[in-house]
Amino acid sequence: MPPLGEMTVPSPVAGDVDVALQLASYPRDQMLKGMFLSKLARELGPDWRGIQQTPVSPPPLGGYVPFADYPLVDHAALALAVAKKREPNVTTREAVRRLARNDIRTFLESTIGRVTAAAVSTPEEALLALPEVYKLVATGPRYEAKKVGPKHVRLSLINGYGLWEYQVGQLEGIAGHYGADTRIRCSLDGDVRCFDVGW
């Protein structure tokens, strides 16, 4: 279920999660580029062996290749572990949200991220570009985006799994990179996750 009410950057999210249940929800054919997994695996270091789930597709020779595809569930397992390692004094939901705010930096460090950034200079442009960016880095989940009004973009996530707070953190990170403090309202339209992002 979506988080209730409007979320702002300084307002923490309550509630912990059943990690095994969250990981079990991911379809095994959803993929993500290795750039998002490699940083997390490096941060975990030897703690990698202690995560709740054995990787569906362990990286050959122990390292993730930036533009190779890996199961999204493996990223989720790493993200949950790193989030709790970084933020042991907040709920899992809030820790994941904070971690996801950094995805924009990981993307912008890549060649394709730098090319994309050259064409984007505002929160609105960045959020409206998200569907095309997702096509480059993920297989399975996809976004649709439309401008609803001044400083208001609605994003719809189709085939989204895992914690809503991860997507909220990503959207906060994207808008924040371009200088905006967001207000995000989450809702569900059938199976589609909807995020109304204002700033």
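What comes next concerns the included structure.

Cut-offs used in this document
For every chain, the first residue of the written sequence is number 1, and numbering continues from 1 onward in sequence order. Since the coordinates come from a predicted model, pLDDT governs what is reported: local features require at least 70, and pairs of side-chain atoms require 80 or more to be given and counted, while whole-chain, interface and lining totals use all residues. In computing side-chain properties, one takes all heavy atoms of the structure into account and sets aside hydrogens as well as water. Helical segments are the DSSP runs of H or I of at least four residues, strand segments are the runs of E of at least two, and each set is numbered from the N terminus. In this description the radius of gyration comes from C-alpha coordinates, and the expected globular size is given by 2.2 Å times residues to the power 0.38. Between buried and exposed lies partly exposed: a residue is buried under 20% and exposed over 50% of the maximum accessible area for its type, with that area taken using a 1.4 Å probe on protein chains only. Working rule for helices: expected span equals 1.5 Å times residues minus one. As used in this record, nonpolar core signifies buried Ala, Val, Leu, Ile, Met, Phe, Trp, Tyr and Cys residues forming a set joined through side-chain atoms within 4.5 Å. Only heavy atoms matter for contacts: two residues are in contact if any of them lie within 4.5 Å across the pair. Between any two strands, pairing holds if DSSP finds at least two bridges. Throughout, an axis means a line fitted to C-alpha atoms (over the contacting stretch in the case of helices), and angles, computed between N-to-C directions, take values from 0 to 180 degrees. Every angle not falling under 35 degrees, over 145, or within 65 to 115 is termed oblique; those three ranges are roughly parallel, roughly antiparallel and roughly perpendicular. Take the far helix as the reference: if the near one is turned anticlockwise from it by less than a right angle, the crossing is left-handed, and if turned clockwise, right-handed. Three classes are used: nonpolar for Ala, Val, Leu, Ile, Met, Phe, Trp, Tyr, Cys and Pro, charged for Asp, Glu, Lys and Arg, and polar for all others, with Gly counted as polar.

### Describing the overall build of the protein chain
Okay, so step 1: Scanning the protein chain from N- to C-terminus turns up 8 helices and 8 strands.
Okay, so step 2: Taken over the C-alpha trace, the protein chain has a radius of gyration of 16 Å; the compact-globule value for 199 residues is 16 Å, and the two agree within 12%.
Okay, so step 3: Each principal axis of the C-alpha atoms in the protein chain carries an extent, and together these give about 50 × 35 × 30 Å.
Okay, so step 4: Looking at the protein chain residue by residue over its 199 residues, the buried ones come to 51%.

### Observations regarding helix α8 (residues 164–177)
Okay, so step 1: Compared with the 20 Å implied by 1.5 Å per residue over 14 residues, the 20 Å span of α8 between its first and last C-alpha is a close match.
Okay, so step 2: Of all 14 residues in α8, 12 are buried; the element is thus mostly enclosed.
Okay, so step 3: Three or more residues of α8 are buried, namely Trp164, Glu165, Tyr166, Gln167, Val168, Gly169, Gln170, Leu171, Glu172, Gly173, Ile174 and Ala175.
Okay, so step 4: Looking at the residues trailing α8, positive phi occurs at Gly179, about 85°.

### Side note on the nonpolar core
Okay, so step 1: Leu127, Tyr143, Leu155, Leu171, Phe195 and Val197 are the most contacted members of the largest nonpolar core, which totals 57 residues.
Okay, so step 2: Among the elements that take part in this core, helix α3 (residues 72–86) stands out by supplying 9 residues, more than any other.
Okay, so step 3: Aside from chain neighbours lying at most four places away, what touches Leu155 is Leu127, Leu130, Tyr143, Glu144, Ala145, Leu171, Arg193, Cys194, Phe195 and Val197.

### Describing the pairing of strand β8 (residues 192–198)
Okay, so step 1: Of all 7 residues in β8, 6 are buried; the element is thus mostly enclosed.
Okay, so step 2: With 6 bridges connecting them, strand β6 (residues 152–158) and β8 associate as antiparallel partners. Paired with Val153 across the strands is Val197, a residue of β8.

### A short note on the pairing of β6
Okay, so step 1: Of all 7 residues that make up β6, 5 are buried, and the element is covered over most of its length.
Okay, so step 2: In the sheet, strand β5 (residues 142–149) pairs with β6 via 7 bridges, with the strands oriented antiparallel. Residue pairing in the sheet places Lys146 in a bridge with Arg154 of β6.
Okay, so step 3: Adjacent in sequence and paired antiparallel, β5 and β6 are bridged by 2 residues, among which Lys151 carries a positive phi angle near 55°.

### What to know about the packing of helix α2 (residues 35–44) against α3
Okay, so step 1: One way to put it is that α2 packs onto α3 with a least axis distance of 9 Å and a crossing angle of 45°. If you check the angle between α2 and α3, you find them oblique. Between α2 and α3 lies a crossing of left-handed hand. Between α2, through Phe36, Leu37, Leu40, Ala41, Glu43 and Leu44, and α3, the contact on the second element is made entirely by Asp74, His75, Leu78, Ala79, Ala81, Val82, Lys85 and Arg86.

### Topic: the packing of helix α4 (residues 92–100) against α8
Two quantities define a packed helix pair, namely the angle between the axes and the distance from one axis to the other.
Okay, so step 1: Between α4 and α8, the shortest axis-to-axis distance is 7 Å and the interhelical angle comes to 35°. The two elements α4 and α8 cross, and the hand of that crossing is right-handed. Each of Arg93, Val96, Arg97 and Ala100 in α4 lies in contact with α8, whose residues at this interface are Glu165, Tyr166, Val168, Gly169, Gln170 and Glu172.
Okay, so step 2: Taken together, the residues that form the contact of α4 with α8 break down as 4 nonpolar, 2 polar and 4 charged.

### Focus on α4
Okay, so step 1: The element α4 is extensively covered by neighbouring structure, given that 7 of its 9 residues are classed as buried.
Okay, so step 2: Along α4, the residues that are buried comprise Thr92, Glu94, Ala95, Val96, Arg97, Leu99 and Ala100.
Okay, so step 3: Buried residues belonging to α4 abut β1 (6–8), α2, α3, α5 (103–108) and α8.

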